[in-house]
Amino acid sequence: FFLKIKPVPVYVMCQLNVAEVPRAVLRRQFTKLRNAGVHGVMMDFWWSIVEKKPSVYDWSMYDHVVELAKEVGLRVQAVMSFHVCGECDGDGAFVPLPDFVQHIAKGNKDVLFRDEFGATSMECLSFGVDHEQLFPGANGAPGARSAMDMYGDFMRSFRAHYQRYIPSTIVEIQVGLGPSGELRYPSYSLSKWSFPGIGALQCYDMYLEDELRTALGAPPPRNIVRSYNDSPDDTLFFKTPGGVHAGEDGRKFLRAYFDRMHRHGDEMLALANAVFSGSGLVLSAKVAGIHWYRLHDSRAAEAAAGYYCSESFNAYEKIAELCAKHNVVFLFTCLEKKDSGEPSAAQASPEALVEETSTFAHRAGCGYGGENALEFKDLESYQMILDQVNRCQLRGADFRSMTLLRLDENLLSSAHLALFTRFVQQLSTPLPSPAL
């Protein structure tokens, strides 16, 4: 049924609004998870819930959840959630950016990512304001902080507040790097996009456009897509053969687009390492499983999100090397997905992506972790995860953990609990000692 090289601890993602779940309900759910053999839970610490006023941090909404995890005996993967909740498939809640950030964005929309049509994304702040002193500090002092300053302040406050739980209960920090916490551009927000559209590039706010103009010697190109729902061959830029992406100018642009995202990731992971130095915490960086058009020569959907891949360049290789540089786990999604389960028009290959990313993680020497992309409750998806973990380990990946989306009553129902428990035990039970 399943041959594993080493056991892999299983975590379960909490509800997006876990702080609002009644404590008695949460205690019962956490206890069932522990009894099933689950190692711990992943939970979002939402920026706007904690920092309602600039430089004032209130973690009380989450304190009882962390304490309950300790009491029950579960570990916590803490997500530093600097993004909006509600723009991804499966989001069942809405959590905006902090009010004081939204106020700045109303007066200066260029603090947000912008597509070539002029529409902005409220999913997270643009990489272009990483070092722009535009945001208020203590007592509302205007222009006191950059985005990086705010992210660092938030993480420092987290460490100070939860010090007594680190690293005994809180064992991992997933560093928020972009939309959905992932290192990417918000190229396929649900409010604008439907599967399997390419999405749209997001580099036309004033700050990023200026940076790319400097890098390219010209403004970033436009007329790349006609809509978020184009296929590659609908466009002059990504069509095959003869698309602009394959020419010198297209390659130079997509590489510069990737490089700006990579620099954001590099600086964020360096910042997180500085904040949590000596804490004993594991750090992780999440990468999106954009599997549609993986089999098209342009790999257009990945490129729009920042993951530029060509015959001579691979974004995932560079991200794996970045994770190794900062001693960070490369966390990848879509482990439950089969190629055969995707529509042929999408030219998708989630299996090739898992193979590609785990191979690069192994070569770079960083840890590798997995998540499923969408919720499921079927045997076939559980088996696919077991198979993928096995394949990753066989190709040498240091598979650190598997985090399952998401905790709810159906997961723990009498009709499903036995299947879930079997999955957890298959994945995480230590191997028997060899006979002497």
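A brief look at the structure comes next. (Residues numbered from 1 in each chain as written. Predicted model: local features only at pLDDT ≥ 70, side-chain atom pairs only at ≥ 80, totals over all residues. Heavy atoms only, no water.)

A few words now on the overall build of the protein. Of regular secondary structure, the protein possesses 12 helices and 10 strands. A compact globule built from 436 residues should have a C-alpha radius of gyration of about 22 Å, and the protein, at 21 Å, falls within 12% of that. With the principal axes as the frame, the protein shows a C-alpha extent of 65 × 55 × 40 Å. Counting only contacts in the protein whose residues sit at least 6 apart along the sequence, the fraction spanning at least 24 positions is 76%. Accessible surface computed for the protein: about 16,900 Å², of which carbon and sulfur atoms make up 51%. (Helix = DSSP H or I, 4+ residues; strand = E, 2+ residues; numbered from the N terminus. Rg over C-alpha atoms; globule rule 2.2 N^0.38 Å. Contact = heavy atoms within 4.5 Å. Areas by Shrake-Rupley, 256 points an atom, 1.4 Å probe, with all protein chains shown as cover.)

Here we come to the environment of Ser55. In this fold, Ser55 is placed in the loop between helix 2 (47–50) and helix 3 (60–72). Separated by 130 residues in the primary sequence, Ser55 and Tyr185 have C-alpha atoms spaced 26 Å apart. Not counting chain neighbours up to four residues away, the residues in contact with Ser55 comprise Gly137, Ala138 and Arg145. Here Ala138 takes part through its backbone nitrogen, which lies 3.3 Å from a polar atom of the side chain of Ser55. (Polar contact = N/O pair within 3.5 Å; in protein donor to acceptor, adjacent residues only side chain to side chain.)

Here we come to helix 5 (residues 147–161). Between its first and last C-alpha, helix 5 extends 21 Å over 15 residues, near the 21 Å set by a 1.5 Å rise per residue. Among all positions of helix 5, only Ala147, Met148, Met150, Tyr151, Gly152, Phe154, Met155, Ser157, Phe158 and Arg159 are buried. (Expected span 1.5 Å × (residues − 1). Buried < 20%, exposed > 50% of the residue type's maximum accessible area, 1.4 Å probe, protein only.)

Another point: the pairing of strand 8 (residues 328–332). Among the 5 residues in strand 8, 5 count as buried, and that is most of the element. As judged from the 5 bridges shared by strand 7 (residues 282–287) and strand 8, these two strands associate in the parallel manner. Residue pairing in the sheet places Ser284 in a bridge with Val329 of strand 8. Of the strand pairs in this sheet, strand 8 and strand 9 (residues 368–371) are connected by 3 bridges, and their pairing is parallel. Note that in strand 9 the partner of Phe332 across the bridge is Gly370. In this fold, the crossover linking strand 8 to strand 9 by way of helix 10 (residues 350–364) has right-handed handedness. (Pairing = 2+ DSSP bridges. Right-handed = clockwise from strand over helix to strand, strands pointing away.)

Closest axis-to-axis distance for the helix 9 (residues 315–325)/helix 10 pair is 8 Å, and the angle between their directions is 40 degrees. One element, helix 9, and the other, helix 10, form an angle in the oblique class. For the crossing formed where helix 9 meets helix 10, the hand is right-handed. Contact with helix 9, carried on its side by Tyr316, Glu317, Ala320, Glu321 and Ala324, involves Leu353, Glu356, Thr357, Phe360, Ala361 and Ala364 of helix 10 and no other residues of that element. Of the residues assigned to the contact of helix 9 with helix 10, the class counts are 7 nonpolar, 1 polar and 3 charged. (Axes fitted to C-alpha atoms, helices over the stretch in contact; angles between N-to-C directions. Parallel < 35°, antiparallel > 145°, perpendicular 65-115°, else oblique. Left-handed = near helix turned anticlockwise from the far one by under 90°. Nonpolar A, V, L, I, M, F, W, Y, C, P; charged D, E, K, R; others polar.)

What follows covers the packing of aromatic side chains. Following the criterion strictly, the structure yields 35 aromatic pairs and no others. Pairing Phe376 with Tyr382 gives two aromatic rings, centres 4.9 Å apart and planes at 75 degrees, and the pair type is edge-to-face. As far as the burial class goes, Phe376 and Tyr382 line up, both buried. Of the aromatic side chains, those joined through ring pairs into one cluster are Phe45, Trp47, Tyr57, Trp59, Tyr62, Phe82, Tyr151, Phe154, Phe158, Tyr162, Tyr165 and Phe276. (Phe/Tyr/Trp six-rings, centres within 6.5 Å; stacked < 30°, edge-to-face > 60°.)

Residues Phe30, Leu33, Leu125 and Phe158 are the most contacted members of the largest nonpolar core, which totals 144 residues. A total of 11 residues in this core trace back to one element, the largest contributor, which is helix 7 (residues 248–275). If near-sequence neighbours (up to four positions away) are discounted, Phe30 is found in contact with Cys14, Val41, Val65, Leu68, Ala69, Val72, Leu74 and Leu407. Counting 5 residues, the second largest nonpolar core, distinct from the first, contains Met13, Met42, Val79 and Leu405. (Core = buried A, V, L, I, M, F, W, Y, C linked by side-chain atoms within 4.5 Å.)

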